[in-house]
Amino acid sequence: MTYKTDMGRVKGLGTAKEGTHEWWIGRLTSVALIPLTLCFLWKVAPLIGGTHAELLAAFQSPFTAITTILFIMIAFVHLAGGLQEVIVDYVHGKAMLVVLLVSTKLVCWGMGFAGAFAVAKIAFGA
Amino acid sequence: MADVNRGKRPLSPHISIYRPQINSITSIINRITGVAMSLAAVLIVWWLLAAATSASYFDFVNGLLTSWFGLLVMFGSLWALWFHFLGGIRHLVMDFGVGYDIKSVDFWGKAIIVLSLILTAASIYCLSTF
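First, a word on what this report is: a plain description of the structure on this page. None of the values given here were measured: they were computed from a predicted structure.

1. Description of the overall build of chain A
Logical step 1: Broken down by element type, chain A carries five helices and zero strands.
Logical step 2: Each helix and strand of chain A, placed in order from N terminus to C terminus, yields the pattern α-α-α-α-α.
Logical step 3: Taking 2.2 N^0.38 as the reference for a compact globule, 126 residues should give roughly 14 Å; the C-alpha atoms of chain A span a radius of gyration of 20 Å, well beyond that estimate.
Logical step 4: Projected onto its principal axes, the C-alpha positions of chain A cover 75 × 25 × 20 Å.
Logical step 5: Across the 126 residues of chain A, 32% fall into the buried class.
Logical step 6: Looking at chain A alone, contacts between residues at least 24 apart form 67% of all its contacts between residues at least 6 apart.
Logical step 7: Of the roughly 7700 Å² of accessible surface on chain A, a fraction of 73% belongs to carbon and sulfur atoms.

Right, dumping it as structure tokens:
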């Protein structure tokens, strides 16, 4: 039995306080990814299965290099947000939740940076 | 009064009692395709890192991506990408508050499934030709 009122008991609960910001970043990155995904499918996807020399030559184009770097970095920010949304929906238990939220975000940032670095290194002459 | 019926309140009906509808199906496919593309995203980064390292390392990773299993993952992810792409655009449109009537929801739900398959087939054709 608690003597708190209904209002007193629920105040401050039920919201992560940053929901609108996360939602907005999701929309912002999705809009950016529309043209970037098409550029990636157009310029980079055909290089899968090709030769190393063809790939090096393709990334000499600033357009291909820049759109690919943007695609990779923004895609991983979008993925980090999406995975966070899935994790908070399905994972219960504080310890597991924190471990998964921290690890997915760090891995996504690491992957985004690694992909961007790889493209930059090729573009500047691997 | 604050503790009345605490812990015995009815829960929101569990998902299993609902009949699947086109909008719930496209919703969960959008989520599954998003999560599933994590694998392809990591593979593409690995592939680019290999290309930035050496020709022989690139040939190794490139060979993995174009093995029968690699191609299965790549073509599966291509469909996931097109579905998530179309589903995402649909979400952005619906954020403006349009397309919520039942006719539109049913039509566009089916349309993005069909369109994603057409775009996947078309892009596999383009990728294998050029």
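2. Some thoughts on a nonpolar patch on the surface
All names here are of chain B.
Logical step 1: A cluster of nonpolar residues, Phe-107, Trp-108, Val-114, Leu-115 and Ile-118, forms a patch on the protein surface that exposes about 490 Å² of accessible area.
Logical step 2: Here Trp-108 lies in helix α4 (residues 102-129).
Logical step 3: Trp-108 sits in the partly exposed class, given a relative accessible area of 43%.

3. Quick notes on the interface of chain A and chain B
Logical step 1: Counting from both sides, the interface comprises 43 residues of chain A and, opposite them, 34 residues of chain B.
Logical step 2: For the pair chain A and chain B, the two sides together bury roughly 3100 Å², of which 73% comes from carbon and sulfur.
Logical step 3: When residues of chain A are sorted by the area they lose upon contact with chain B, A:Leu41, A:Ile48 and A:His52 head the list and together hold 19% of the total.
Logical step 4: Applying the counting rule to chain A against chain B returns three salt bridges.
Logical step 5: The salt bridge involving A:Asp89 is made with B:Arg31; its shortest N-O contact spans 2.8 Å.
Logical step 6: The interface formed by chain A and chain B contains seven residue pairs in polar contact (both at pLDDT 80 or more).
Logical step 7: The set of elements that each furnish at least two residues to the side of chain A that touches chain B consists of α1 (6-10), α2 (19-43), α3 (52-58), α4 (62-90) and α5 (94-123) of chain A.
Logical step 8: For the side of chain A that touches chain B, the residue count by class is 27 nonpolar, nine polar and seven charged.

4. Side note on the pattern of salt bridges
Logical step 1: In the structure shown here, the tally under the stated rule is three salt bridges over all chains.
Logical step 2: A salt bridge links B:Asp95 to A:Arg27; the shortest N-O distance between them is 3.0 Å. Of the two residues, B:Asp95 is situated in the loop between α3 (68-94) and α4 and A:Arg27 in helix α2; the pairing between them involves two chains.
Logical step 3: Take B:Asp95: its relative accessible area is 36%, and that puts it in the partly exposed class.
Logical step 4: Using a relative accessible area of 22% as the deciding quantity, one classes A:Arg27 as partly exposed.
Logical step 5: Connected through salt bridges with shared partners, the residues A:Glu85, A:Asp89 and B:Arg31 form a single ionic network.

5. Overview of the packing of α4(A) against helix α1 (residues 22-53) of chain B
Logical step 1: Interhelical geometry of α4(A) versus α1(B) gives an angle of 135 degrees and a closest axis separation of 10 Å. Here α4(A) lies oblique to α1(B), going by the angle between them. Considering the relative orientation of α4(A) and α1(B), their crossing is left-handed. Touching A:Ile72, A:Phe76, A:Leu79, A:Leu83, A:Glu85, A:Val86, A:Asp89 and A:Tyr90 of α4(A) are B:Ile28, B:Arg31, B:Gly34, B:Val35, B:Ser38, B:Ala41, B:Val42, B:Val45 and B:Leu48, all from α1(B).
Logical step 2: Broken down by class, the residue content of the contact of α4(A) with α1(B) amounts to 12 nonpolar, two polar and three charged.

Quick notes on the rules
- Residues numbered from 1 in each chain as written.
- Chains lettered and ligands numbered in written order.
- Predicted model: local features only at pLDDT ≥ 70, side-chain atom pairs only at ≥ 80, totals over all residues.
- Heavy atoms only, no water.
- Helix = DSSP H or I, 4+ residues; strand = E, 2+ residues; numbered from the N terminus.
- Rg over C-alpha atoms; globule rule 2.2 N^0.38 Å.
- Buried < 20%, exposed > 50% of the residue type's maximum accessible area, 1.4 Å probe, protein only.
- Contact = heavy atoms within 4.5 Å.
- Areas by Shrake-Rupley, 256 points an atom, 1.4 Å probe, with all protein chains shown as cover.
- Patch = residues over 30% accessible without salt bridge, like charges linked within 9 Å, V, L, I, M, F, W, Y side chains within 5 Å.
- Salt bridge = Lys/Arg side-chain N within 4 Å of Asp/Glu carboxyl O.
- Buried area = accessible area lost by both parts, 1.4 Å probe.
- Polar contact = N/O pair within 3.5 Å; in protein donor to acceptor, adjacent residues only side chain to side chain.
- Nonpolar A, V, L, I, M, F, W, Y, C, P; charged D, E, K, R; others polar.
- Axes fitted to C-alpha atoms, helices over the stretch in contact; angles between N-to-C directions.
- Parallel < 35°, antiparallel > 145°, perpendicular 65-115°, else oblique.
- Left-handed = near helix turned anticlockwise from the far one by under 90°.

So yeah, pure geometry; function would need other evidence.
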